[in-house]
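Report on the structure
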Amino acid sequence: MSPSAIKFITFDCYGTLTHFQISGMTRSLLADRINSSEMDAFVTDFAAYRRDEVLGPWKPYRDVLQTALARTCNLWGIAHRPQDGEAMYQAVPTWGPHPDVAEPLVQLARKIPLVILSNAANDQIMHNVEKLKAPFHAVYTAEQAGAYKPRLAAFDHMFDELGCSPADVAHVSASMRYDLISAHDLRIPTRIYVNRGYEPSAPYYSTAEISGIGELAGVLGL
């Protein structure tokens, strides 16, 4: 894709731009019930249940966290404390960006409109966006779309609101499973994987891999 063909650069927010800290909170909140030697496995299971929870009809993100945590605790045979899930939910709006994010976004926004498509709730997302310190053309949530990524309906909502087609955007994410596989299936031509170590690379689903947002302009030829 040539730069002139890109009408919008669309981003996942949590993990890609904002430092997503659910794993660290899980380790802290459940340290009294999970041995340190088993914590990596628990965190992995919790992530799997969160993905599973967003594949059906939309429900509040608070419920996604609570139900996923309850299911993980049940799998492990330990007590589920609702206050743990609530603490995670309340913490999300306090998280700031990865250190490589703010200045490159400002520079990119001078050339092409930036858009966020996030699985966040409406009452969370703008607190995080403000911390990115860059102007965004639009910010869309799963709550607005009535669907979470990786469901294609979430992307359809964004395209409808922007008045564009998948061919008009370059999509950027640190998640293959939430974003880039769906972007591939929708034939978004430019898909950039930001490898932050959350998931393994899967080159079939991305057109380029970068380690930080500072590399994005070069990859896009901007």
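This text follows the structure it describes.
I will try to describe carefully the structure that is included in this document.

Reading the values: rules and limits
- Residues numbered from 1 in each chain as written.
- Predicted model: local features only at pLDDT ≥ 70, side-chain atom pairs only at ≥ 80, totals over all residues.
- Heavy atoms only, no water.
- Helix = DSSP H or I, 4+ residues; strand = E, 2+ residues; numbered from the N terminus.
- Buried < 20%, exposed > 50% of the residue type's maximum accessible area, 1.4 Å probe, protein only.
- Contact = heavy atoms within 4.5 Å.
- Pairing = 2+ DSSP bridges.
- Axes fitted to C-alpha atoms, helices over the stretch in contact; angles between N-to-C directions.

1. Some details on the environment of alanine 202
- Within the secondary structure, alanine 202 is located in the loop between strand E5 (190-194) and strand E6 (208-210).
- Owing to a relative accessible area of 23%, alanine 202 belongs among the partly exposed residues under this scheme.
- For alanine 202 and isoleucine 181, which are 21 residues apart along the polypeptide, the C-alpha to C-alpha distance reads 9.2 Å.

2. Overview of helix H4 (residues 82-91)
- Along H4, the residues classified as buried are Asp84, Gly85, Met88, Tyr89 and Ala91.
- Lining the buried residues of H4 we find helix H1 (22-29), helix H2 (39-53), helix H3 (61-76) and helix H6 (122-132).

3. Quick word on the sheet that holds E6
- The strand order across the open sheet formed by six strands is E3-E2-E1-E4-E5-E6, and the pairing between neighbours is parallel. The two strands at the open ends of the sheet, each matched to only one other strand, are strand E3 (138-141) and E6. Strand-to-strand, the axes of this sheet are offset by a mean angle of 20°, without reference to chain direction.
- With four bridges joining them, strand E1 (residues 8-11) and strand E4 (residues 169-173) adopt parallel strand pairing. Paired with threonine 10 across the bridge in E4 is histidine 171.
- Relative to E3, H6 is tilted by about 145°, and along the sheet it contacts strand E2 (114-118) and E3.

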